[in-house]
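Analysis of the macromolecular model
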Amino acid sequence: MTGTGSLAIEAVRKRRFLAPFNGDSLSPPSIWLMRQAGRYLPEYRATRGEAGSFLNLCYNPALAAEVTLQPIRRYGFDAAILFADILIVPDALGQPVSFEAGEGPRLAPITDVAGLATLKADQTGEKYGLIWETVARLRQDLPDETALIGFCGAPWTVATYMVGGRGSPDQAAARAWAYRDPEGFQRLIDILVDVSVDYLDGQVKAGADVLQIFDSWAGSLPDNELARWVIDPTRAMVEKLKALHPGVPIIGFPRGAGASTAEFVTATGVDGVSCDTAMPLCAMRELGELDVVVQGNLDPLLLVAGGDALDQRIDEILAAMKGRRHIFNLGHGIVPETPPENVARLVERVRKGSA
Ligand code: CP3
């Protein structure tokens, strides 16, 4: 073993975030928050202003690394999450994405199999390369003890934006295509499985320690459709990634999957499952009996409100998950109205292990 090799192994050992994936329950649990880098932080708003637009920020490795580090400096979270977006994948495929101020993402919709011909699965490298460079910078700049989470959107959730051309309350356009022409829609999902695995493979090679797959719209599907469009593609991704990087933990976030969550865990082979706000604590505790690390699930709006109600719910979550392999997190992303001091209060209370 070379000197540098053993130093690198020593650094990874220091990342307590990884302990639950190796079988240890931590007390207090580790903590990070979805959207921990974002508009609630004044320093984020300043850097985003410098970048000019959200996508310019994502594709500028120096600035993207800077905003990833901002919440780590403030709060010392146990993990940093790469600053990017799930819609980098369609953008890199040649379906350009834009973010209009206050309106969310816009894409020219692809609504049938003929539209797939416009996608260039062999040309993602140029844009992926910029994101991978951010990851490499981060691994240099992060404290040794901070884990680095790479991520992508799950094929189903990314497809809902590619087909709908924007966010929607019911993901009707993608659901309609999937019912009308399942074989054609499967081709889109298969493309997304392949290019997403390639994207995550590059993130691991550049230094990501853990991966999270965001399936934010899993909850709009009936159970048989969820099996086909959420569980099967995620299992395919997990299998491919495990073949490439057997030691890298993968967290799934099948938001809204409810009573199908246990099936999601056992069928996909994920190492961790992130639970949304509506998941009852008793159900979260039960999931912990499966061979899986459970993450979640404080309501992001309680983090806006703060005060005693926040403290009480933190304690309830800690008590319910005591002795389990748990990672403290929100049930969905931080909202821009969140007072930064409430985040400090949350981190302090979780670390005090008051339950
Ligand atoms: O800190 C982090 O969590 C890392 C960065 C990150 C972003 N988006 C930054 C972002 C991550 C992991 C995401 C994931 C993401 N993006 C998801 C899955 C998680 C979820 O929230 O359900 C989804 C569905 C998207 C797509 C997306 N990106 C939408 C619908 C929007 C517009 C809505 C909004 O919040 O503005 C975005 C924009 C976006 N992605 C912002 C950030 C910080 C805000 C953009 C800005 O600065 O103007």
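Attention here is on the structure that accompanies the text. (Residues numbered from 1 in each chain as written. Predicted model: local features only at pLDDT ≥ 70, side-chain atom pairs only at ≥ 80, totals over all residues. Heavy atoms only, no water.)

We now examine the environment of Arg345. With respect to the element layout, Arg345 can be found in helix 15 (residues 340-352). Arg345 sits 45 residues away from Pro300 along the chain, and the two C-alpha atoms are 14 Å apart. Ignoring sequence-local partners within four residues, the contact set of Arg345 consists of Gly307, Asp308, Leu310 and Asp311. In terms of polar contacts, Arg345 uses its side chain to reach the side chain of Asp311, at 2.9 Å. (Helix = DSSP H or I, 4+ residues; strand = E, 2+ residues; numbered from the N terminus. Contact = heavy atoms within 4.5 Å. Polar contact = N/O pair within 3.5 Å; in protein donor to acceptor, adjacent residues only side chain to side chain.)

With that settled, the discussion passes to the site of the ligand. Not every one of the 22 residues close to the ligand is listed here, only the nearest: Tyr44, Arg48, Asp85, Ser216 and His332. Within the contact set of the ligand, an oxygen atom lies 2.8 Å away from a side-chain nitrogen or oxygen of Arg39. In the model, an oxygen atom of the ligand is placed 2.5 Å from a nitrogen or oxygen of the Ser216 side chain. Expressed as a share of its isolated accessible area of 860 Å², the protein-covered part of the ligand is 87%. With respect to the pocket detection grid, the ligand is positioned in the largest pocket. Put simply, the parts of the chain that give the shell around the ligand at least two residues each are helix 2 (42-51) and strand 4 (104-107). Residue classes in the shell around the ligand are distributed as 14 nonpolar, 4 polar and 4 charged. (Near = heavy atom within 4 Å. Areas by Shrake-Rupley, 256 points an atom, 1.4 Å probe, with all protein chains shown as cover. 1 Å grid on protein atoms, 1.4 Å probe; cavity = no way out; pocket = protein on both sides within 12 Å on 5 of 7 lines; lining within 4 Å. Sits in = over half its atoms within 2 Å of the grid points. Nonpolar A, V, L, I, M, F, W, Y, C, P; charged D, E, K, R; others polar.)

Here we take up the nonpolar core. Grouped together as the largest cluster of nonpolar side chains are 121 residues, with contacts concentrated most on Phe17, Phe185, Leu188 and Leu298. For this core, the element with the highest residue contribution is helix 9 (residues 182-206), accounting for 11 residues. Beyond its immediate chain neighbours, meaning those up to four positions away, Phe185 contacts Trp156, Ala159, Val163, Ala174, Trp177, Ala178 and Trp229. (Core = buried A, V, L, I, M, F, W, Y, C linked by side-chain atoms within 4.5 Å. Buried < 20%, exposed > 50% of the residue type's maximum accessible area, 1.4 Å probe, protein only.)

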